[in-house]
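Report on the structure
Each chain, letter by letter, is given below.
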Amino acid sequence: MSTPAAPRSLAEALRNRDDASLAELLRARPDLITPVPTDLTQLATRAGTRASVVRALERLDRFALQSAQALAVAPDPAGYDELLGLLAGDDGDAAVATALPRALATLREQALVWGGDDRLRLVRTALELLAPSPQHPSPTGLGPTVQEATAGMSPGRIQEIVTAVGLPSTHDSVSAVGSLAALFGDRTRMAALLAGAPEESREVLDRLVWGPPYGQVTADPAARLRWLLDRGLLLPTAPGTVVLPREVALHLRGGRAHRVVEPRPPALEVTGTHRPQVVDATAAGQAYTALSTVEELLKDWDEGGPTVLRAGGLSVRDLKRTAVALDVSEPVAAFWVELAYAAGLLASDGEADERYAATPAHDEWLEQPAAERWARLAHAWLTATRTAGVVGGRDAKDRTLSALGPGLDRSAAPEVRHRVLTLLAGLPEGASPAAASVLERLRWERPLRGPQQDDDLRGRLATWALSEAEMLGVTGRGALSAHGRALLGAPEPKKSPSADGDGDGGGGPGDKLPVHHVPVALEPLSPAEQITASAAAARLLAPMLPEPLDHVLLQADLTAVAPGPLRRPLADMLGLLADVESKGGATVYRFTPGSVRRALDAGNAASDLHAFLAAHARTPVPQPLTYLIDDVARRHGHLRVGSASAYVRCDDDAMLNEILADKRAAGLRLRRLAPTVLATQADPATLLDGLRAMGFAPAAESAEGDVLITRADAHRTPPRAAPEPVPDGPPTPDATLLTAAIRAIRAGDLASTAPRKQGPSAAPGGALPRTGSAETLATMQAAVLTGEALWIGYVNAEGTASQRVIAPIRVEGGFVTAYDHTADEVRTYPLHRVTGVAELADEA
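Bear in mind the structure is a predicted one, so any value in this text is a computation, not a measurement.

In space, the three strands of this open sheet follow the order S3-S5-S4, with antiparallel pairing throughout. Edge strands, defined here as strands with exactly one partner in the open sheet, are strand S3 (214–216) and strand S4 (235–238). Strand-to-strand twist across the sheet, computed as the mean angle between neighbouring axes with direction ignored, equals 40 degrees. Relative to strand S5 (residues 241–243), S3 runs antiparallel, the two being bridged by three bridges. Note that in S5 the partner of Gly215 across the bridge is Val242.

Below, the discussion takes up a negative patch on the surface. Taken together, the side chains of Glu199, Glu200, Glu203 and Asp206 present a region of like negative charge at the surface. With respect to the secondary-structure elements, Glu203 resides in helix H13 (residues 199–208). Owing to a relative accessible area of 41%, Glu203 belongs among the partly exposed residues under this scheme.

What follows deals with the nonpolar core. Core analysis: the biggest nonpolar cluster contains 90 residues, and Leu14, Phe63, Phe184, Leu233 and Leu234 have the highest contact counts within it. Here this core gets seven residues from one element, more than from any other, and that element is helix H5 (residues 62–72). The residues touching Phe184, leaving out its near neighbours within four places in the chain, are Val146, Met190, Leu193, Arg231, Gly232, Leu233, Glu247, Val248 and His251. If you look at the next biggest cluster of nonpolar residues, it comprises 73 residues, including Leu298, Val337, Leu366 and Ala375.

Attention now goes to the pattern of salt bridges. Within the structure shown, the criterion is met by 36 salt bridges. Of the charged contacts in the structure, one is a salt bridge between Arg394 and Asp398, with a shortest N-O distance of 4.0 Å. One exposure class covers both Arg394 and Asp398, and it is exposed. Across the pair Asp601 and Arg692 runs a salt bridge whose closest N-O atoms are separated by 3.0 Å. In this pair, Asp601 is assigned in helix H27 (residues 593–601) and Arg692 in helix H31 (residues 684–693), connecting sequence segments 91 residues apart. Since its relative accessible area comes to 23%, Arg692 is described here as partly exposed.

To summarise the sheet geometry, strands pair through backbone hydrogen bonds and adopt either a parallel or an antiparallel arrangement. Spatial ordering of the open sheet is given by S13-S14-S16-S15, a layout of four strands whose pairing is antiparallel. In the strand order of this sheet, the two ends are held by strand S13 (553–555) and strand S15 (579–582), each with one partner. For this sheet, the mean angle separating the axes of adjacent strands, direction not counted, is 30 degrees. Here S15 runs beside strand S16 (residues 587–590); their pairing, made up of three bridges, is antiparallel. In the strand pairing of S16, Asp579 is matched with Arg590.

In this section: unusual backbone geometry. In this model, Thr34 is joined to Pro35 through a cis peptide bond whose omega is -5 degrees. Mapped onto the fold, Pro35 is located in the loop between helix H2 (19–28) and helix H3 (40–47). For the peptide bond that leads from Asp76 to Pro77, omega is 0 degrees, which places it in the cis range. With respect to the secondary-structure elements, Pro77 resides in the loop between H5 and helix H6 (80–88).

Bringing empty space enclosed by the protein into the picture now. One pass over the full model with this rule turns up two cavities of 30 Å³ or more. Put simply, the largest cavity is a space of about 100 Å³. Phe335, Glu338, Leu339, Ala342, Ala380, Trp381, Ala384, Arg386, Ala388, Arg417 and Glu468 together form the lining of the largest cavity. Within the residue set of the lining of the largest cavity, elements represented by two or more residues are helix H18 (330–342) and helix H20 (370–383). Sorting elements by how many residues they give to the lining of the largest cavity places H18 first, with four residues. Residue composition of the lining of the largest cavity, by class: seven nonpolar, no polar and four charged. Counted as a void, the second largest cavity has a volume near 40 Å³.

Okay, helix H21 (residues 413–425) next. In this model H21 runs 18 Å from its N-terminal to its C-terminal C-alpha over 13 residues, within 8% of the 18 Å that 1.5 Å per residue would give. Of all 13 residues in H21, 13 are buried, a share of seventy percent or more.

The next point concerns the packing of aromatic side chains. All chains considered together, the criterion is met by three aromatic pairs. One Lys or Arg, Arg373, reaches over the ring of Trp365 and ends 5.4 Å from the middle of that ring.

Moving on, we come to helix H29 (residues 623–635). Compared with an ideal rise of 1.5 Å per residue, which puts 13 residues at 18 Å, H29 spans 19 Å between its outermost C-alpha atoms and is within 8% of the ideal. Residues of H29 that are buried include every one of Leu625, Leu628, Ile629 and Val632, and no others. Taken down its axis, H29 places every buried residue within 95 degrees of arc, on the same side. When the buried face of H29 is taken as reference, the exposed residues oriented beyond 90 degrees from it are Gln623, Tyr627 and Arg634. For H29, the elements touching its buried residues are S13, H27 and helix H28 (606–616).

Criteria and cut-off values
- Residues numbered from 1 in each chain as written.
- Predicted model: local features only at pLDDT ≥ 70, side-chain atom pairs only at ≥ 80, totals over all residues.
- Heavy atoms only, no water.
- Pairing = 2+ DSSP bridges.
- Helix = DSSP H or I, 4+ residues; strand = E, 2+ residues; numbered from the N terminus.
- Axes fitted to C-alpha atoms, helices over the stretch in contact; angles between N-to-C directions.
- Patch = residues over 30% accessible without salt bridge, like charges linked within 9 Å, V, L, I, M, F, W, Y side chains within 5 Å.
- Areas by Shrake-Rupley, 256 points an atom, 1.4 Å probe, with all protein chains shown as cover.
- Salt bridge = Lys/Arg side-chain N within 4 Å of Asp/Glu carboxyl O.
- Lys, Arg positive; Asp, Glu negative; His and termini not counted.
- Charge placed at Lys NZ, Arg CZ, Asp CG, Glu CD.
- Buried < 20%, exposed > 50% of the residue type's maximum accessible area, 1.4 Å probe, protein only.
- Core = buried A, V, L, I, M, F, W, Y, C linked by side-chain atoms within 4.5 Å.
- Contact = heavy atoms within 4.5 Å.
- 1 Å grid on protein atoms, 1.4 Å probe; cavity = no way out; pocket = protein on both sides within 12 Å on 5 of 7 lines; lining within 4 Å.
- Points joined across faces, edges and corners; volume = space filled by probe spheres on them.
- Nonpolar A, V, L, I, M, F, W, Y, C, P; charged D, E, K, R; others polar.
- Expected span 1.5 Å × (residues − 1).
- Phe/Tyr/Trp six-rings, centres within 6.5 Å; stacked < 30°, edge-to-face > 60°.
- Lys NZ or Arg CZ within 6 Å of the ring centre and 35° of its normal.
- Arc of directions from axis to C-beta.

Scope: geometric values only; no functional claims are made or implied.
Right under this line is the structure:
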């Protein structure tokens, strides 16, 4: 069997790949499939565009990127051994030798490198991006080659340098530069040359060897610089500027292109190891707290939350008030607000006076079991691109970023969150890593998105992901919980040696154990897979959440203690009848005249409240609480407030006299209309608040005189969908799309590369064939009789031109019905849209 010829271009290299390899390329670089290329030549062209190459380079790990950078400073083309020498140096490096095949395979798979091991070539655009130049220094710190640096030098000066280093003079500059480069690349001869260098000259080379390779000189250089300039060890590039040639730098470096080569990802440092039961219990407690916090936030905004800023989002004042209500810091409050918004539980109502409020989905969410409610929050957090951590920062126009406002989407956030959790999933069960080692690992995996950028967004996203996962209960004590692993779709964890021990584990804060990552669930799940994983996480979490209680403990100091989470009807009614005084493992409620009046305003009678307490209290109802309810109920509704603008009516005229005589009523500007009626210009709500501040218990009434009942859940937004994540580039294609795309690309490539018979209709250069209508019809009819395949040009209704290989079956009525080899199906084409036809060569 003959060996296939080496590819002469990237298109040929792609043509030699099998379908599985092409699918991997399109999966790794989904921008290449949008839209689907017509053939492999177009795919290769698109893979070499600057935007696509930059995106592909950004997604390389550090060693793969270092390999590409080394290839950019190697001869073009370069052999495998040359590339290995640039990475491992003259002395060799076993770790580099082991890792290089994987890195090179990655570069080949992503179509950044093509050719065999004896002729490795970077894609031209990648070479332009990574090769050293004065405008764009290489991360290797290397400068131009001798040939590049001497391109503008006079032939006489080149001959002087050749003579100074002891080489014979030549008749032309090309051979002189070649012999000089050969000398600098020869370790033995170069060592002999540098052995005679003055110590001061060696110091100059040492300062330039690792870059930057450029330096400044005066018109009259010092002796130490003159010695280097005379021998070409420094070459002038511009007036007053010299450069260290690449060959000289590589000799001084021992052949290494990089000062530090990192063939292996940095290990994660384990700062503590806890028993899995402790981790899961801690995470479950945090999950319960997360549910309580979101419920409290939405309950606070049930009747209409803060107003929406004109530019969108919450004001700083409203965020501070929300933080005080939740008893958290402002950044944490922003996280909970954004999480509720991402889960579709919170939105703006769209009214003229636009406010934030709970959505109808919130009521459905409250009816679900606690574990399922948590799974919905965790799923929303894992996939959301909105990032609460940037709240308070500035956008590109120097405007403050506000919670729930625009500009919070960071498309890399879901990937970073998933990757952080995946790293935790690769540790032994119960192990918590050092945050710094997680950040260092992520920087190795995506170096171009790390500290080389002006803003280390990826590092900040990872830091926020670690803290948010802990607050949400995905992790406990810094270690990934069992339901957190299920959320990722990860397999069973690797057991830690101390996982089955007693106590909380053997690792303490001072213990730093390097643990190499075990790859699990490297790719984010599809939407359907994520739903399944969320359901599995909910099943694991459910047994660890406390069972809701149906009772409270009443105390004589007008408080009630809920020793755990309460069932929904009990929690709603108790939240109406009393105010929360403190939260924690047990929640303390306090009964006040205002809270009792709130329950009465909602339509409850005093007897209803007594019956409720008696039914749900494990202790006898204290007498002070009974008296409080009866006293507030006795006065509740004695005063009635309606619209005049507003009025007060009461059967007890002595009470109205008392109100008029009270100095605190002066601001209400009340006047008597009748013995039992007072009127004011203030609106009913202001009048109600004013009378309640004076110690009365008025009730609002309708125009018919009926008492108005106010309920806490009166305001909801119209149905609102959760915000859609902003993708980080084109989405990863699924298997169905990949199969169809590869089939179309292969078929288009067949049509564009099929050999044709030479003739007037066979257009040169791959252009569409051009024939007259009569010749087209005659050729089609002849092909029906002979069963031969034809090459046609076709323009569709949208004006898009394409070329196809067809086998005509029937020609009639101005249409040709044929088996289309390009589409692999029978199709019918209008003859007037066929630009021309040509016969295929016999070997086709």
